[in-house]
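Fold and geometry: a report
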Amino acid sequence: MAELSQLLRQTMQRRHLDAQALADRTGIRTPRIRVFAEDGARGPIRPTEEELAELAEALALPLPAVHEAAHVPEPASR
C-alpha cells in the first residue's frame with residue numbers, strides 16, 4: 001500500500017480537492033493537511049487517530065487502508 005502522503009495526494013487529485021477543501025470537509029486545519037500530504041505520517045507532525053478517521057471518511061477511503069498507509073496497526077478484534 002502507498003505511504004499516507006501518496007495516498008492523500010492521489011485521492012485528493014482524483015476527487016479534485018485541495019488542502020483547503022479537505023479542511024472544510026474534515027475540520028482539520030489546512031496546514032496540517034498540507035503537511036500530511038507532503039510528509040505523510042512519519043513527518044514532524046503526525047496525524048492523530050481521529051484525524052485519520054476524518055480523512056478516510058472525507059475521501060471515501062476505507063479506514064484500514066488509511067491506517068496501513070499511515071503505518072498504524074489495526075486494533076485486535078475482540
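We now turn to the structure provided with this report. Just so it is clear, the model here is predicted, and its values are computed rather than measured.

A positive phi angle is found at Ala60, which is not glycine, with a value near 55°. One can find Ala60 in the loop between α4 (49-58) and α5 (63-70). One non-glycine residue, His71, adopts positive backbone phi at about 60°. Mapped onto the elements, His71 comes out in the segment after α5.

Where α4 meets α5, the closest approach of the two axes is 9 Å, and the angle between their N-to-C directions is 130°. Of the possible angle classes, the one that applies to α4 and α5 is oblique. In this structure, the crossing between α4 and α5 has a hand that is right-handed. Residues Glu49, Leu52, Ala53 and Ala56 of α4 pack against Leu63, Val66, His67 and Ala70 of α5. The residue makeup of the contact of α4 with α5, split by class, is six nonpolar, one polar and one charged.

Nonpolar side chains in soluble globular proteins generally cluster together in the buried interior. By size, the foremost hydrophobic cluster in this structure holds 22 residues, and its most contacted members are Leu4, Leu8, Met12, Leu22, Leu59 and Val66. Of all the secondary-structure elements, those providing two or more residues to this core are α1 (4-14), α2 (19-26), α3 (30-39), α4 and α5.

A few words on the pattern of salt bridges. Counted by the stated rule, this structure contains one salt bridge. Between Arg32 and Glu51 there is a salt bridge, and its shortest N-O distance comes to 2.7 Å. Of the two residues, Arg32 is situated in helix α3 and Glu51 in helix α4; the sequence distance between them amounts to 19 residues.

Moving on, we come to α2. Taken together, the buried positions of α2 are Ala19, Leu22, Ala23 and Thr26. What you see down the axis of α2 is that its buried residues fit within an arc of 105°, all on one side. For α2, the exposed residues set more than 90 degrees away from the buried face come down to Asp24 and Arg25. The secondary structure elements touched by the buried residues of α2 are α1, α3 and α4.

Let us look at the environment of Arg14. The residue Arg14 is located in helix α1 in this model. C-alpha of Arg14 to C-alpha of Leu59: the two residues are 45 residues apart in sequence and 9.9 Å apart in space.

Thresholds, definitions, all that
Residue positions are given per chain, counted from 1 along the sequence in the order it is written. Confidence filtering applies because this is a predicted model: local features only for residues at pLDDT of at least 70, side-chain atom pairs given and counted only at 80 or more, and all residues used for totals across whole chains, interfaces and linings. Here the side-chain values reflect all heavy atoms present in the structure, with hydrogen atoms and water set aside. Each helix corresponds to a stretch of at least 4 residues labelled H or I by DSSP, and each strand to a stretch of at least 2 residues labelled E; elements are numbered beginning at the N terminus. Note on geometry: axes are C-alpha line fits, over the in-contact stretch for helices, and angles between N-to-C directions span 0 to 180 degrees. Just so you know how the angles are binned, under 35 degrees is roughly parallel, over 145 roughly antiparallel, 65 to 115 roughly perpendicular, and the rest oblique. Crossing handedness: left-handed means the near helix sits turned counterclockwise from the far one by under a right angle, and right-handed means the same turn made clockwise. Contact criterion: two residues are considered in contact whenever any of their non-hydrogen atoms come within 4.5 Å of each other. When residue character is reported, Ala, Val, Leu, Ile, Met, Phe, Trp, Tyr, Cys and Pro are called nonpolar, Asp, Glu, Lys and Arg charged, and the others, Gly included, polar. In plain words, nonpolar cores are sets of buried Ala, Val, Leu, Ile, Met, Phe, Trp, Tyr and Cys residues tied together by side-chain atoms within 4.5 Å. Three labels apply to residues, based on accessible area from a 1.4 Å probe with only protein chains included: buried if under 20% of the type maximum, exposed if over 50%, partly exposed otherwise in between. A carboxyl oxygen of Asp or Glu within 4 Å of a side-chain nitrogen of Lys or Arg is what we treat as a salt bridge. Arc definition: directions from the helix axis to the C-beta atoms.

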